[in-house]
Amino acid sequence: MKKRQDDYEAFVAKFERKRTSDDCYTPPEVYDIVHGWLSEQVDLRGAQIVRPFWPDTDYRRVEYPDGCVVVDNPPFSKFAEIIRWYLERGVRFFLFAQHKTIFNLDAPYTRLVCGADVIYENGAAVRTSFASNLFGDTLAMSVPDLYERLTTAMRSKDPLPRYSYPSHLLTFSDLSRCASHGVALSIPRSGATFVRRLDSQQAVKKYIYGGGFLLSDQQAARMEEALREADRLKAEKVASVAWAISDREREIIAQLSAGQA
Ligand SMILES: C[S@@+](CC[C@H](N)C(=O)[O-])C[C@H]1O[C@@H](n2cnc3c(N)ncnc32)[C@H](O)[C@@H]1O
């Protein structure tokens, strides 16, 4: 019986979409945005663009013509190895990178911190930044315009529009915001009545996702206060642990500072 179950699971697995970060194929419009942005920053005229990362390929055996630039989305699990390999050979690159590990390698490349949530062809949403050796001595930089372009493109694919509701409407997401930030709140039945949509949504045939409750003035005021408290606690949580700089590190900083104009 167990064997039959294993065979069935293996059979079903063949049809499942892969969701590992190594199999995040880049949607063409995302690639075009990145390539377009890069060509506004760096003169790519005459440079052959190379994309060496594909299944059953070894990037070390691909041809890199003089002056070419690798603009591609590498397997994230080999990120450090790939960066070192290109740096050692002087191959120019601009690579997609997993946002959270972008600072994790001590090597002379530029970390372009973007952090846009890109949805790849396999459906995985991966917070994405970039790594490159095309930006000279820059250690790290934020790229707000690239973030904006990618985020706008992703938003236009999002089938769920973002709604905002007045404080007199209670939705499940309001209470879940309280729960996840440590705020306890109970709403009595006498202060609320169930609604599927607001009158203002009727003409456009829209409904409240998950349904909602109209609240009395008193309960709406409590809800507003609770949400303010949740936001305050959230902000506090984010900035909670302050680490100190040691004397040894102060010496390093002094040396770095002496070397700066
Ligand atoms: C994140 S996917 C991106 C695929 C494609 N370049 C794109 O942008 O849509 C990374 C690809 O690199 C491939 N890959 C894994 N190891 C590789 C290697 N050593 N050399 C070249 N490609 C490799 C994986 O099979 C996968 O298809």
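None of these values were measured; they are calculated from a predicted model.

**Student:** Please provide a residue-by-residue account of the overall build of the protein chain, values included.
**Tutor:** From N to C terminus, the protein chain includes eight helices and nine strands. Scored against the burial criterion, the 261 residues of the protein chain give a buried share of 34%. If you take every contact in the protein chain between residues at least 6 apart in sequence, the share linking residues at least 24 apart comes to 60%. Element-wise, carbon and sulfur atoms account for 53% of the exposed surface of the protein chain, whose accessible area totals about 17500 Å².

**Student:** So, the packing of aromatic side chains: which residues are in play, and what are the values?
**Tutor:** Summed over all chains, the structure comprises 15 aromatic pairs. Relative to Phe 130, the ring of Phe 96 lies with its centre 5.1 Å away and its plane at 65°, an arrangement referred to as edge-to-face. With Phe 96 in strand E3 (residues 92-98) and Phe 130 in strand E5 (residues 125-132), the pair connects residues that are 34 residues apart, well separated along the chain. Summarising the burial analysis for this pair, Phe 96 and Phe 130 share the class buried.

**Student:** How would you summarise the site of the ligand if you had to cite specific residues and measurements?
**Tutor:** Of all residues adjacent to the ligand, which total 17 residues, the nearest are Thr 26, Arg 51, Phe 53, Asp 72 and Lys 78. Here a nitrogen atom of the ligand sits 2.9 Å away from a polar atom, N or O, in the main chain of Thr 57. One nitrogen or oxygen atom from the side chain of Lys 78 is found 2.8 Å from a nitrogen atom belonging to the ligand. For the ligand, whose accessible area on its own is 590 Å², the fraction buried by protein is 91%. Grouping the constituent residues of the shell around the ligand by class yields nine nonpolar, three polar and five charged.

**Student:** So, the packing of helix H5 (residues 172-180) against helix H7 (residues 217-238): which residues are in play, and what are the values?
**Tutor:** At a minimum axis separation of 9 Å, H5 and H7 run at an interaxial angle of 40°. Relative to H7, the element H5 lies oblique. For H5 against H7, the interelement crossing comes out left-handed. Between H5, through Asp 174, Leu 175, Arg 177, Cys 178 and Ser 180, and H7, the contact on the second element is made entirely by Met 223, Ala 226, Leu 227, Ala 230, Asp 231 and Lys 237.

**Student:** Quick one: what's the story with the side chain of Thr 128, residue by residue and with numbers?
**Tutor:** Note on placement: Thr 128 falls in strand E5. In this structure Thr 128 comes out as buried when scored by relative accessible area, which is 0%. A distance of 2.9 Å separates polar atoms of two side chains, one belonging to Thr 128 and the other to Tyr 120.

**Student:** Quick rundown of helix H4 (residues 144-155)? Include the residues and the values.
**Tutor:** The end-to-end C-alpha distance of H4, which contains twelve residues, comes to 16 Å, matching closely the 16 Å that a straight helix rising 1.5 Å per residue would cover. Of all the residues in H4, the buried ones are Leu 146, Leu 150, Thr 151, Ala 153 and Met 154. Buried residues of H4, viewed axially, fall in a sector of 160°; they line one side. Tucked inside the fold, the buried residues of H4 contact helix H2 (28-41), strand E4 (110-119) and E5.

**Student:** Talk me through the sheet that holds E4; I want residue IDs and the actual numbers.
**Tutor:** Pairing is mixed in the open sheet, where six strands are placed in the order E1-E2-E3-E5-E4-E6. Where the open sheet ends on each side, the last strands, each with one partner, are strand E1 (49-50) and strand E6 (140-142). The sheet contacts of H2 involve E1, strand E2 (69-72), E3, E4 and E5, and relative to E3 the element is tilted by about 135°. Sheet strands in contact with helix H3 (residues 79-89) are E2, E3 and E5, and its direction is about 170° off that of E3.

**Student:** Any details on the nonpolar core? Residues and values, ideally.
**Tutor:** Within the largest apolar cluster, 30 residues are counted, with the highest numbers of intra-cluster contacts made by Trp 37, Leu 38, Phe 94, Phe 130, Phe 135, Leu 146 and Leu 150. Counting residues per element, the ones that place at least two in this core are H2, E2, E3, E4, E5 and H4. Cys 68, Leu 95, Ala 97 and Leu 105 belong to the second largest nonpolar core, which has 20 residues in total.

How each quantity is defined
Chains are numbered independently. Their residues run from 1 in the order of the written sequence. It should be noted that, the model being predicted, local features are given only for residues of pLDDT at least 70 and side-chain atom pairs only at 80 or more, the latter also being counted only at that level, while totals for whole chains, interfaces and linings use all residues. To get the side-chain values, take all heavy atoms of the structure and skip hydrogens and water. Numbered from the N terminus, helices here are DSSP runs of H or I no shorter than four residues, and strands are runs of E no shorter than two. The buried label applies to any residue whose accessible area, calculated with a 1.4 Å probe on protein chains only, is under 20% of its type's maximum; exposed applies above 50%, and partly exposed to all values in between. Contact between two residues is taken to exist if any of their heavy atoms lie within 4.5 Å; hydrogens are not considered. Surface accessibility follows the Shrake-Rupley procedure with a 1.4 Å probe radius. Residue values consider only the protein chains on display as shielding. Here a Phe, Tyr or Trp ring, Trp counted by its six-membered ring, pairs with any other such ring whose centre lies within 6.5 Å, and the pair is stacked when the planes are under 30 degrees apart, edge-to-face when over 60, and tilted otherwise. Definition of nearness: a residue and a molecule or strand are near each other if at least one heavy atom of the residue lies within 4 Å of the molecule or strand. In protein, a polar contact means a hydrogen-donor-capable atom and an acceptor-capable atom, both N or O and within 3.5 Å, with residues adjacent in sequence counting only if both atoms are side-chain atoms; elsewhere, any N or O pair within 3.5 Å suffices. Nonpolar residues are Ala, Val, Leu, Ile, Met, Phe, Trp, Tyr, Cys and Pro. Charged residues are Asp, Glu, Lys and Arg, and all others, Gly as well, are polar. Each axis is a line fitted through C-alpha atoms, and for a helix only the stretch in contact is used; angles between axes span 0 to 180 degrees, taken between their N-to-C directions. What sets the label is the angle itself: under 35 degrees gives roughly parallel, over 145 gives roughly antiparallel, 65 to 115 gives roughly perpendicular, and the rest give oblique. Take the far helix as your reference; a near helix turned counterclockwise from it by less than a right angle gives a left-handed crossing, and one turned clockwise gives a right-handed crossing. In a helix, the anticipated span is given by 1.5 Å times the number of residues less one. Directions from the helix axis toward the C-beta atoms define the arc. Strands pair, by our definition, only if DSSP identifies at least two bridges between them. Joining through side-chain atoms within 4.5 Å is the link that ties buried Ala, Val, Leu, Ile, Met, Phe, Trp, Tyr and Cys residues into a set, and such a set is a nonpolar core.

Such coordinate-based values are descriptive only and should not be taken to indicate function.
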